[in-house]
Amino acid sequence: MSNSDFGLIGLAVMGQNLVLNVESRGFQVSVYNRTTTVTDEFVAAHPGKKLVGAKSLEEFVQSLASPRKVMIMVKAGGPVDAVIESLIPLLDKGDIIIDGGNSLYTDTERRDKWLGDLGFRFIGAGVSGGEEGARKGPSIMPGGPASTWDVMKPIFESISAKVDGEPCVTHIGPGGAGHYVKMIHNGIEYGDMQLICEAYNIFKAAGFTPAELGEVFTSWNDGDLESYLIQITAEIFKQKDPETGAALVDLILDTAGQKGTGKWTLINAVENAVVISTINAAVEARILSSMKDQRVAASTILQGPKAIISVEKQELVKKVHDALFASKIISYAQGLDLIATMGAEKSWGLDLAKIAAIWRGGCIIRARFLNDITEAYRTDATLSNLMLAPFFTNLLNGFQENWRQVIATATLAGIPVPAFSASLGYYDSYRSAVLPANLLQAQRDFFGAHTYERTDKPRGEMFHTDWPEVIG
Ligand code: NBP
C-alpha cells in the first residue's frame, strides 16, 4: 500500500468513527491504539477499507505520507502529553499534530508553544457531535496557525457536516482558540440541556405523560425550536424500557454526571468578569442532582407547596415554549459574550458569525435559530449582546410575559427552575437603567471607604462620606 494521507491515534468511540469518516471521503488512513488488540479488531471489522493498522508508533509514523498529519483522539489531559512525547522523536520538522480531544485550551496553548519551538505544526481542534457526528460529519473548531489550517483544510472540510453546502468547520484563531470555542460550545450545551429539563419538570407537574411529551417535543422540533437536543428529547420520551414496558425516562435515576468542560467554562467566565448565569445554573443543577441522598433526606424536612400545576395543557405548552426559547437566547447571548470578551483579550481575531455558522450542523447544539444568530453577527460584527440584534429583541419582547408567568407558576408550585430564573434575572438586570448598586456602593464606602460616584456629578469624580460609627 502507498503511504497514508492521514493518521489517527486513539481508537475509542470518537477515534474509530472519525477514521471511518475520513476513509469514506477517499483518504487512506493509518491507525494506532495503545492497546494493540483494539487496532487489530477495528481493522478486521472493516475489510476492504483503505485502513493501515499499525502495531507500533514507529510503524504508524513510517506509514504516513509527508508532511505527516497525525490526529490524536485520546482521553484529554496526561494521555495527550504522553502520546505527543512518544511521537516527537519519530516525526520530522513540519509534520502536523492535531489534538482532536476535549483538551483544556490552556493545555493547547502550552502544547502549541512546545511543539512550535521544536519545529512541528500543531492544531488543537474541538470536535463536536459525539459518535454519530464523528462518523457522518462533525462540527470542527480548529485553532493554531492559519498556515497549518490551510494544509488541513481539504480533509477537515470534506469530513465535516455541511449546512446549505457550507462545511461546519472554519479556522477559529491561533493557539488555543479552537479548544476554547469548543469549551464554550459545551457550556452552552449544558445550558440548553438544563433548560429542556426544567421545561420537562414543569410539564410533569401539570400531568403530562412521557408519550404526550414525546408529541410536544416532536411538534416543537417542527417549529422555531428545531434542534438536535429537542429532537433527541422527543425520542427519549417515546423510548420504552424493554424489561418493564414503562417509559424508560421514568426509570433513569435523577443524578447527572459531568466531565469538566462546564466547570472550565464557569472558571473562565469569572476570570473574564462575564456573566454566564444560565450556564452557571446548569452546572450547579448537575451538582445538586448528584446530591441524591441529601435531597431525599431534605424532602421530608424542608417544606414547600405541592408540585402541582393547574394550567390548561395547550396553554402551558405555548407558555413553556416561550420561556424555553427566551432562556435559550440568553444562554447563547452569554456564551457568545464570553467568546467575544476572551477573543478580544487574547487578540484571537474571532469571527462570531463564522463560529455560529459552524455550529449549525454536526454538533450537539445545532439548532435552527443558529441561522438567525449567524445572520445577526453577519449584519453587525460588533454587536455588544445578541439580545440587541433586532430579530432577537423582537423575540424576547414577545416572549417575556409568558416567560415570567412560567417562572412564577413554577416557583409558586415549589418546582426548581434555576436556569429559567437565572436567564430572566440576566435579561431584567441587563435592561435595567437603574440597579440597586447605589446602596451597594454606600455599603462599601461605609465599611471600607471604597468611595462612590454621584448621580449629580460627572462620572469619575469620587466621593467619600464619614458614616456614623456603628457599635456592637
Ligand atoms: P476516551 O476519552 O474514552 O479515551 C480512550 C482512548 O484514549 C483509548 O484509545 C485509550 O487507549 C486512549 N488512551 C488513554 Br485513556 N490513555 C492513553 C495513554 N496514556 N497513551 C495512549 N493512549 C491512551 O475516548 P473518546 O470517548 O473516544 O474521546 C476521545 C476524546 O474526544 C476525548 O478527549 C473526549 O473528551 C473527546 N470527545 C468525546 C466525545 C464523545 O462523545 N465521546 C465527543 C466529543 C469529544 P486504550 O484503548 O489503550 O485504553
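All of these numbers come straight from a predicted model, not from anything done at the bench.

Here's the deal with the site of the ligand
No. 1: Close contacts around the ligand come from 18 residues, with Met14, Asn33, Arg34, Thr35 and Asn102 the closest.
No. 2: Residue Val13 places a main-chain N or O atom 3.4 Å away from an oxygen atom belonging to the ligand.
No. 3: In the environment of the ligand, an oxygen atom lies 2.5 Å from a nitrogen or oxygen atom belonging to the side chain of Thr35.
No. 4: Out of a free accessible area of 900 Å², the ligand has 74% covered by protein chains.
No. 5: Among the secondary structure elements, those contributing two or more residues to the shell around the ligand are helix H1 (13-24) and helix H4 (78-87).
No. 6: Broken down by class, the residue content of the shell around the ligand amounts to ten nonpolar, six polar and two charged.

Considerations on unusual backbone geometry
No. 1: A cis amide bond links Ser66 to the next residue, Pro67, at an omega of -5°.
No. 2: For Pro67, the position within the fold is in the loop between helix H3 (57-62) and strand E4 (69-72).
No. 3: Positive phi, normally seen in glycine, also occurs at Ala449, with a value near 50°.
No. 4: Mapped onto the elements of the fold, Ala449 is located in the segment after helix H19 (437-448).
No. 5: In this structure, Thr451 is a non-glycine residue whose phi angle is positive, near 65°.
No. 6: Looking at the secondary structure, you find Thr451 in the segment after H19.

Considering the domain arrangement of the protein chain
A common way to express how large an interface is: the accessible area buried when the components associate.
No. 1: Segmentation of the protein chain into domains returns domain 1 (6-175), domain 2 (182-430) and domain 3 (434-472).
No. 2: Centre-to-centre, using C-alpha coordinates, domain 2 lies 37 Å away from domain 3.

Some details on the packing of helix H8 (residues 177-205) against helix H14 (residues 313-346)
Relative placement of two packed helices is described by the angle separating their axes and the distance separating the axes.
No. 1: Packing of H8 against H14 brings their axes to within 10 Å, and their N-to-C directions diverge by 165°. When the axis of H8 is compared with that of H14, the two are roughly antiparallel. As for how H8 packs across H14, the hand of that crossing is right-handed. The segment H8 lies against H14, with Tyr180, Val181, Ile184, Ile188, Gly191, Asp192, Leu195, Ile196, Ala199, Ile202 and Phe203 engaging Leu316, Val317, Val320, Leu324, Ser327, Lys328, Ser331, Tyr332, Gly335, Leu338, Ile339 and Met342.
No. 2: Of the residues contributing to the contact of H8 with H14, the split by class is 17 nonpolar, four polar and two charged.

Concerning the side chain of Thr278
No. 1: One can find Thr278 in helix H12 (residues 277-290).
No. 2: Setting aside its immediate chain neighbours within four residues, Thr278 contacts Leu195, Ser327, Ile330, Ser331, Gln334, Ala419, Ala422 and Ser423.

Topic: the pattern of salt bridges
No. 1: Inspection of the entire model under this criterion finds 26 salt bridges.
No. 2: Among the ionic pairs, Asp81 bridges to Arg110, the shortest N-O distance being 2.9 Å. With a gap of 29 residues between them, Asp81 in helix H4 and Arg110 in helix H5 (residues 105-117) connect regions that are remote in the sequence.
No. 3: Assessed through its relative accessible area of 39%, Arg110 is described here as partly exposed.
No. 4: For Glu166, the salt bridge goes to Arg360, with nearest N and O atoms at 3.3 Å.

Considerations on the sheet that holds strand E6 (residues 121-128)
No. 1: Here seven strands make up an open sheet; going across it, the order is E3-E2-E1-E4-E5-E6-E7 and the pairing mixed. Every other strand in the sheet has two partners, leaving strand E3 (51-53) and strand E7 (139-142) as the edge strands with one partner each. If you compare each strand with its neighbour and ignore which way they point, the axes differ by 25° on average.

Focus on the environment of Ile308
No. 1: Looking at the secondary structure, you find Ile308 in the loop between helix H13 (292-298) and H14.
No. 2: Taking the C-alpha atoms as reference points, Ile308 and Val417, separated by 109 residues in sequence, lie 14 Å from one another.
No. 3: With near-sequence residues (within four places) excluded, Ile308 lies in contact with Ala205 and Ala413.

Points about the packing of H8 against helix H9 (residues 210-221)
No. 1: Remark: H8 packs on H9, axes separated minimally by 12 Å, with the N-to-C direction vectors making an angle of 135°. If you check the angle between H8 and H9, you find them oblique. Considering how the two elements wind past one another, H8 and H9 form a crossing that is right-handed. Listed contacts from H9 to Ile196, Tyr200 and Phe203 of H8 are Leu213, Val216, Phe217 and Trp220.
No. 2: A class-by-class count of the residues in the contact of H8 with H9 yields seven nonpolar, no polar and no charged.

How each quantity is defined
- Residues numbered from 1 in each chain as written.
- Predicted model: local features only at pLDDT ≥ 70, side-chain atom pairs only at ≥ 80, totals over all residues.
- Heavy atoms only, no water.
- Near = heavy atom within 4 Å.
- Polar contact = N/O pair within 3.5 Å; in protein donor to acceptor, adjacent residues only side chain to side chain.
- Areas by Shrake-Rupley, 256 points an atom, 1.4 Å probe, with all protein chains shown as cover.
- Helix = DSSP H or I, 4+ residues; strand = E, 2+ residues; numbered from the N terminus.
- Nonpolar A, V, L, I, M, F, W, Y, C, P; charged D, E, K, R; others polar.
- Domains from an automatic or database assignment.
- Axes fitted to C-alpha atoms, helices over the stretch in contact; angles between N-to-C directions.
- Parallel < 35°, antiparallel > 145°, perpendicular 65-115°, else oblique.
- Left-handed = near helix turned anticlockwise from the far one by under 90°.
- Contact = heavy atoms within 4.5 Å.
- Salt bridge = Lys/Arg side-chain N within 4 Å of Asp/Glu carboxyl O.
- Buried < 20%, exposed > 50% of the residue type's maximum accessible area, 1.4 Å probe, protein only.
- Pairing = 2+ DSSP bridges.

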